[in-house]
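Topology and contacts: notes
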Amino acid sequence: MTDDETNQRARSGWAALGRTLRERGVLTADWAPSFDAVPRAGFLPDLLWPYDMASRTSTVCDRNADPERWYAVAATNVPLTTQWDDGRHTGPAPGRVPTSSSSMPGVVMEMLAALDVHDGHRVLELGTGTGWNAALLAHRLGGDGVVTTEVDTAVADRARAALDRAGLHPTVITGDGLLGHPDQGPYDRTVVTAGLRQVPYALVEQTVPGGLIVVPRGSSLTTADRLVRLVVSEDGRTASGRLTTPVEFMKARSQRVQVDQGAYLPDGFPGGATATSTELTSTEAGFEEPWSHPFMTVAGLLVPDCLLLRDRRGDAVSVWLHGLTDRSWAATLLTDGVPRSTVHQSGPRHLWDELTAAHRWWTGHGSPSAERFGVTVSPEGETAWLDDPARTV
């Protein structure tokens, strides 16, 4: 296939996607020229895995085997996995853990709109990935105005090559983006394209007073994130912002959460756990839809250093909570229509008690939506608040 044919296929369907995103108000007028000029097909590998949001499954798409589908997928508003298992994965079947991707174009453009860039701004991006987001920024601001960081050497190398082919030249740094890149700072804007469970203070330090930091901020409890637009205070010491759109990003590698179930249960279940009971149901807690239920967002703020695992089988949901700083755990089986369930808890923290206390707090305050909450990042860490930074929770 010639370069002209490749270019034609890349743009076929891309214009239609652009019109759709404009109609939805996601693609703003100031970003439309860059979107039109830089289709993401030019930054994708031959083998990729589109993600189905409804079924939460990935399928393989090979440009060499089915170029028509590949180009159609590239111009569709879906996330595309481009690497599994930190590059150890081989073959066409999906791997175990997705570790690099091209995000949904709609989410990318929403984040760039929230970034509110202007001519002359310097932008730091954390998570180069395929390089497409950095390409959009470089097209808008010029390469000298964009620094992008990528922790994976192979991913960074592929992004550099794709950016070079596109004639765009932001500075691509291979390294841990959570440390920022102070050598070329400070930055007017900082954008993070990986999910963060905590926002590093280094990003506040390297963003100018009054500057913006746009980040998918989640918690250790679930894989769900919410976009947060943090505004750096005039003294440059803190940054605050509200939780907004629900999203789900691959987590920064140093902030991934994994547990070894056996380490929590050396003597098997229930070991020496204490048995109590609960009237909290799966629906009330949001276990059925942890990616969108407002209480799951609130629980992530109020029950720190805790991982939730849940699994529905038939008419019951199995729920496990694991403490991440010790070996505390809690487990229960919540059966539909059964008003009271047995809970087993073990360890220094009574995790189920913490979760139910958070639920009482939430309902006692009128079950506020997730968008009423925000976070402030300071040298002392993160503080969550409701409605106003002065009203901490």
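Up top you'll find the structure we're talking about.
Note that the structure is a prediction, hence the values are computed from the model and not measured. (Residues numbered from 1 in each chain as written. Predicted model: local features only at pLDDT ≥ 70, side-chain atom pairs only at ≥ 80, totals over all residues. Heavy atoms only, no water.)

Turning our attention to the packing of aromatic side chains. Under the counting rule described, the total for this entry stands at 10 aromatic pairs. Ring centres of W320 and W329 lie 5.5 Å apart, and the angle between their planes is 40 degrees; on these two criteria the pair is classed as tilted. On the accessibility criterion, W329 (1% relative accessible area) is buried. Here the aromatic residues W14, F35 and W132 are joined through ring pairs into a cluster of three or more. The ring of W291 carries R56 above its face, with NZ or CZ at 3.8 Å from the centroid. (Phe/Tyr/Trp six-rings, centres within 6.5 Å; stacked < 30°, edge-to-face > 60°. Buried < 20%, exposed > 50% of the residue type's maximum accessible area, 1.4 Å probe, protein only. Lys NZ or Arg CZ within 6 Å of the ring centre and 35° of its normal.)

Another point: empty space enclosed by the protein. Counted by the stated rule, this structure contains 1 cavity of 30 Å³ or more. If you go around the largest cavity, you meet 17 residues; those closest to its centre are R217, G218, A224, R226 and T297. Those elements that place two or more of their residues in the lining of the largest cavity are β10 (207-218), β11 (225-232), β12 (239-247) and α11 (294-302). (1 Å grid on protein atoms, 1.4 Å probe; cavity = no way out; pocket = protein on both sides within 12 Å on 5 of 7 lines; lining within 4 Å. Points joined across faces, edges and corners; volume = space filled by probe spheres on them. Helix = DSSP H or I, 4+ residues; strand = E, 2+ residues; numbered from the N terminus.)

This paragraph deals with the sheet that holds strand β15 (residues 316-323). The strand order across the open sheet formed by 5 strands is β13-β17-β16-β15-β14, and the pairing between neighbours is antiparallel. Every other strand in the sheet has two partners, leaving β13 (274-278) and β14 (306-313) as the edge strands with one partner each. Here the average twist between neighbouring strands, direction ignored, is 20 degrees. On the sheet, helix α12 (residues 351-364) packs against β13, β14, β15, β16 (329-335) and β17 (341-346) and is oriented at approximately 110 degrees with respect to β15. (Pairing = 2+ DSSP bridges. Axes fitted to C-alpha atoms, helices over the stretch in contact; angles between N-to-C directions. Contact = heavy atoms within 4.5 Å.)

It is at 10 Å that the axes of α11 and α12 come closest, and there the two elements cross at 120 degrees. When the interaxial angle is binned, α11 and α12 end up oblique. Both α11 and α12 take part in a crossing whose hand is right-handed. Within the contact between the two elements, α11 uses P294, F295, V298, A299 and L302 and α12 uses L355, A358, H359, W361 and W362. The residue inventory of the contact of α11 with α12, partitioned by class, reads 9 nonpolar, 1 polar and no charged. (Parallel < 35°, antiparallel > 145°, perpendicular 65-115°, else oblique. Left-handed = near helix turned anticlockwise from the far one by under 90°. Nonpolar A, V, L, I, M, F, W, Y, C, P; charged D, E, K, R; others polar.)

As a further point, take unusual backbone geometry. Along the chain, G185 connects to P186 via a cis peptide bond; the corresponding omega equals 0 degrees. Mapping P186 onto the fold places it in the loop between β8 (171-174) and β9 (187-192). Following F269, the chain continues into P270 via a peptide bond in cis, with omega recorded as 0 degrees. In this fold, P270 is placed in the loop between α9 (261-264) and β13. Positive phi values are uncommon outside glycine, yet D116 reaches one of about 55 degrees. Following the sequence through the fold, D116 ends up in the loop between α5 (105-115) and β6 (123-126). Judged by relative accessible area, D116 falls into the partly exposed class, the value being 32%. Residues other than glycine seldom take positive phi values, yet D305 does so here, at roughly 50 degrees. Here D305 is to be found in the loop between α11 and β14. Residue D305 is classed as partly exposed on the basis of its relative accessible area of 36%.

On to the packing of α5 against helix α6 (residues 132-141), then. It is the contact of α5 with α6, at a shortest axis distance of 11 Å, that shows an interaxial angle of 40 degrees. It follows that α5 is oblique to α6 by the angle criterion. Two packed elements cross with a definite hand, and for α5 against α6 that hand is right-handed. Along the contact surface, α5 presents P105, V108, M109, L112 and L115, while α6 presents W132, N133, L136 and L137. Grouping the constituent residues of the contact of α5 with α6 by class yields 8 nonpolar, 1 polar and no charged.

Relative to β8, strand β7 (residues 146-150) runs parallel, the two sharing 4 bridges. Looking at the pairing, T149 lines up with I173 of β8. With helix α7 (residues 153-165) bridging β7 and its parallel neighbour β8, the resulting β-α-β unit is right-handed. (Right-handed = clockwise from strand over helix to strand, strands pointing away.)

Most often, soluble globular proteins keep nonpolar side chains buried together rather than apart. Grouped together as the largest cluster of nonpolar side chains are 47 residues, with contacts concentrated most on L230, F287, F295, L321, W352 and L355. The contact partners of F287, leaving out residues within four places of it in the chain, are S282, M296, L308, R310, V319, L334, W352 and L355. Counting 37 residues, the second largest nonpolar core, distinct from the first, contains V108, M109, V247 and F249. (Core = buried A, V, L, I, M, F, W, Y, C linked by side-chain atoms within 4.5 Å.)

Tracing the sequence through the fold places R63 in the loop between β3 (61-62) and α4 (67-74). Within the structure, the side chain of R63 is placed 3.4 Å from the side chain of Y71, a separation counted as a polar contact. Beyond its immediate sequence surroundings of up to four residues, R63 is in contact with L44, P45, D46, W70 and Y71. (Polar contact = N/O pair within 3.5 Å; in protein donor to acceptor, adjacent residues only side chain to side chain.)

The next subject is α7. For α7, built from 13 residues, the straight-helix expectation of 18 Å at 1.5 Å per residue is met to within 8% by its first-to-last C-alpha distance of 19 Å. Residues of α7 that are buried: V155, A156, A159, A162 and L163. The buried residues of α7 occupy an angular sector of 125 degrees when the element is viewed end-on, so they sit on one face. Close packing links the buried residues of α7 with β4 (80-84), β5 (98-102), α6, β7 and β8. Capping the start of α7 is the job of one residue whose side-chain oxygen sits 3.0 Å from the backbone nitrogen of A154: D152. Just downstream of α7, G167 is the residue with a positive phi angle, here 75 degrees. (Expected span 1.5 Å × (residues − 1). Arc of directions from axis to C-beta.)

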